[in-house]
Amino acid sequence: MTEWAIDTQKLTKHYGDVAAVQDLDLQVARGEIFGFLGPNGSGKSTTIRTLLDQIRPTSGAATILGHDAHRDALEIRRQIGYVPGDLALYPRLTGKETLQYFARLRGGVEQSYIDELAERLKADLSRKVGDYSTGNRQKIGLIQAFMHRPALLMLDEPTAGLDPLIQQEFHALLEEVRDGGRTVFLSSHTLSEVERVADRVGIIREGRLVVVERVDDLKRKAIRRIDFEFADPIPSGTFTGVAGVHEASVDHRHATVSFEGSVNDILKAAMAHEVLNLNSREADLEEVFLTYYRDDVPPADTLPDNHERQASDVH
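Nothing here was measured: the structure is a model prediction, and the numbers come from that model.

Procedures and definitions
- Residues numbered from 1 in each chain as written.
- Predicted model: local features only at pLDDT ≥ 70, side-chain atom pairs only at ≥ 80, totals over all residues.
- Heavy atoms only, no water.
- Axes fitted to C-alpha atoms, helices over the stretch in contact; angles between N-to-C directions.
- Helix = DSSP H or I, 4+ residues; strand = E, 2+ residues; numbered from the N terminus.
- Parallel < 35°, antiparallel > 145°, perpendicular 65-115°, else oblique.
- Contact = heavy atoms within 4.5 Å.
- Nonpolar A, V, L, I, M, F, W, Y, C, P; charged D, E, K, R; others polar.
- Core = buried A, V, L, I, M, F, W, Y, C linked by side-chain atoms within 4.5 Å.
- Buried < 20%, exposed > 50% of the residue type's maximum accessible area, 1.4 Å probe, protein only.
- Pairing = 2+ DSSP bridges.

Side note on the packing of helix α5 (residues 134-146) against helix α6 (residues 164-179)
- In the contact formed by α5 and α6, the axes pass within 13 Å of each other and the chain directions differ by 10°. Looking at the two axes, α5 sits roughly parallel to α6. The segment α5 lies against α6, with Lys139, Leu142 and Phe146 engaging Ile166, Phe170, Leu173, Leu174 and Val177.
- Looking at side-chain class alone, the contact of α5 with α6 contains seven nonpolar, no polar and one charged residues.

Below you can see the structure in the form of structure tokens.
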């Protein structure tokens, strides 16, 4: 059995002269939560729809759970749970009737687990879908994706409209899926959500994959900041030439240093003066994300080979 839940080779989708997805080489390991990041229009939804054979790629190939994404599309659908970014449900059916309909399509689903999911997500299944708020419709979409315990969950902006408490329960469900050896592919532009639950993330920019790494490794590479307060004014060049420093702003008794890598040399330079206080600001995924969306970030085809980089990140 292949170790990859998702494996693409130069997957490309053009709409006329527009490259929605270009040369996508992506591997998602079984048993991980993979965050797929990018703003609206970056190619996230097109990637998912191509993987699910809803649209055909212009070139390239993909396998899902070891099956060819096009030739074995029916078998793949049996093994996945999917929440689309543009979820549409039958408005005249109740939540319960909607889930019963999906359960019949799958040949039957354990009702007790549907009830458990509804309770955990605080979903009222008695009302008609047309009367639901966006968040309550999303709950139905999530229940139908989880209820047959799929080997792979493909979720496109799954927390749209959910309140914070329900989002926490959703995150707990994701972790249970991973702990059970199953896989989650989570496409989102909500950075805090991906940072909280994902093992690895891929960042897509203008249809190209620009980086795939573990969340902790990405954050370690990001620029961090330290604010210093000194007892007396310090020279403006105190941090000039210090290893790892990207930028240093000195204003009399205060200094802000932006850096990457080890903080040791920065502390040594600071300790040449009397330090009254310091505050370290850790990078979050938003800063990393913005770094990869600056104009000077190279395209994916100039970065190290994604297959090699991803394999080393997983193992």
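Quick look at the nonpolar core
- Formed by 45 residues in total, the largest nonpolar core has its most connected members in Ile143, Phe146, Leu155, Leu174 and Val184.
- The next biggest cluster of nonpolar side chains, apart from the first, holds 25 residues, and it includes Leu26, Met154, Ile204 and Val212.

Some points on the sheet that holds strand β14 (residues 275-281)
- Read from one edge to the other, the open sheet built from four strands follows the order β12-β13-β11-β14, with strand pairing classed as antiparallel. Looking along the sheet, the strands with just one partner apiece sit at the ends: β12 (245-251) and β14. Within the sheet, the average angular offset between the axes of one strand and its neighbour, ignoring direction, is 15°.
- Alignment of β12 against strand β13 (residues 254-259), held across six bridges, turns out to be antiparallel. Its bridge partner being in β13, Asp251 is matched across the sheet by His254.

Considering the sheet that holds strand β9 (residues 200-205)
- Taken in spatial order, the six strands line up as β6-β7-β8-β3-β9-β10 in an open sheet, and their pairing is mixed. In this open sheet, the two edge strands, each paired with only one partner strand, are β6 (80-83) and β10 (208-214). Averaged over all pairs of adjacent strands, the angle between their axes in this sheet comes to 15°, without regard to strand direction.
- Two elements, β9 and β10, share six bridges in a ladder whose sense is antiparallel.

Notes on the pairing of β13
- In the sheet, strand β11 (residues 224-230) pairs with β13 via six bridges, with the strands oriented antiparallel. Of the residues in β13, the one forming a bridge with Arg225 is Ser258.
- In this structure, the hairpin formed by β12 and β13 is closed by a connection of two residues, where His252 is found at a positive phi of approximately 60°.

That's the geometry; what it means functionally is another story.
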